[in-house]
Amino acid sequence: KALQLQMNPHFIFNVLNGIKSLGNSGNTKELNKTISQFSVLLRSVLNNSRLEEISLQEEIETLKNYLDLEQKMSGKSFEYSITTNLNNIDAEEILIPPMLLQPFIENAIKHGIQPNKNGEITIIFDVKIHFLECTIIDNGIGIYQSKKQESYTNHKSVALEVTKERIKNLSKYSTISIDEIKEKNTILGTKVWFKIPLKTDY
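Residues numbered from 1 in each chain as written. Predicted model: local features only at pLDDT ≥ 70, side-chain atom pairs only at ≥ 80, totals over all residues. Heavy atoms only, no water.

Chemist: Give a detailed account of empty space enclosed by the protein, specifying residues and quantitative values.
Modeler: Taken as a whole and judged by the stated rule, the model has 2 cavities of 30 Å³ or more. Here the largest cavity is characterised by a volume of approximately 120 Å³. Lining the largest cavity are 14 residues, with Asn-107, Ala-108, Asp-138, Ile-143 and Thr-190 positioned closest to its centre. A per-element tally of the lining of the largest cavity places helix H4 (residues 102–112) first, with 5 residues. Looking at side-chain class alone, the lining of the largest cavity contains 7 nonpolar, 6 polar and 1 charged residues. (1 Å grid on protein atoms, 1.4 Å probe; cavity = no way out; pocket = protein on both sides within 12 Å on 5 of 7 lines; lining within 4 Å. Points joined across faces, edges and corners; volume = space filled by probe spheres on them. Helix = DSSP H or I, 4+ residues; strand = E, 2+ residues; numbered from the N terminus. Nonpolar A, V, L, I, M, F, W, Y, C, P; charged D, E, K, R; others polar.)

Chemist: Go over the side chain of Thr-135, please, and point to the residues and values.
Modeler: With respect to the helices and strands, the residue Thr-135 is situated in strand S5 (residues 131–138). When its relative accessible area of 7% is taken as the criterion, Thr-135 is described as buried. Look past the residues within four positions of Thr-135 in its chain and what remains in contact with it is Thr-122, Ile-123, Ile-124, Lys-191, Val-192 and Trp-193. (Buried < 20%, exposed > 50% of the residue type's maximum accessible area, 1.4 Å probe, protein only. Contact = heavy atoms within 4.5 Å.)

Right, dumping it as structure tokens:
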């Protein structure tokens, strides 16, 4: 199940359509750049799907590539930031199961960020004692609101459930929470937070 959900077919379709449009418009420079980004992303996803663990650095590079392509192709305006607080451990030395964050980020873009509003996605990796903590914050409509809307498809809810199970099955100490961010009854977005045991390859 997890392998089947590694990349949304709609995303692949959108990127290929975008590449076709760039070709038709004669924008060769942007066309070549997009094809290169997409091929790197596909290769990393296919390679990583065979592995139980990859380095945090590889995971971050894949997420950056994915987010850059979504910025071009999703039709929604958003900025993103990725921050690491790794307690003096190199991101190359930390091991993480591949594609743990991508379903949550994809969900934030597709169902959280609103059209005509500048979206923000913040991704934070923290090393705290014996755990790697991962946080994804968006300034969208809130997960409970998005679930009420018809655009929230069965595919996405399955993808999120499978990813939650993957996190919980990593260790009895793994935990995950998904909460709306509220201030004075106003929903400011969604925060996904999970922690998994810290694993290094040294």
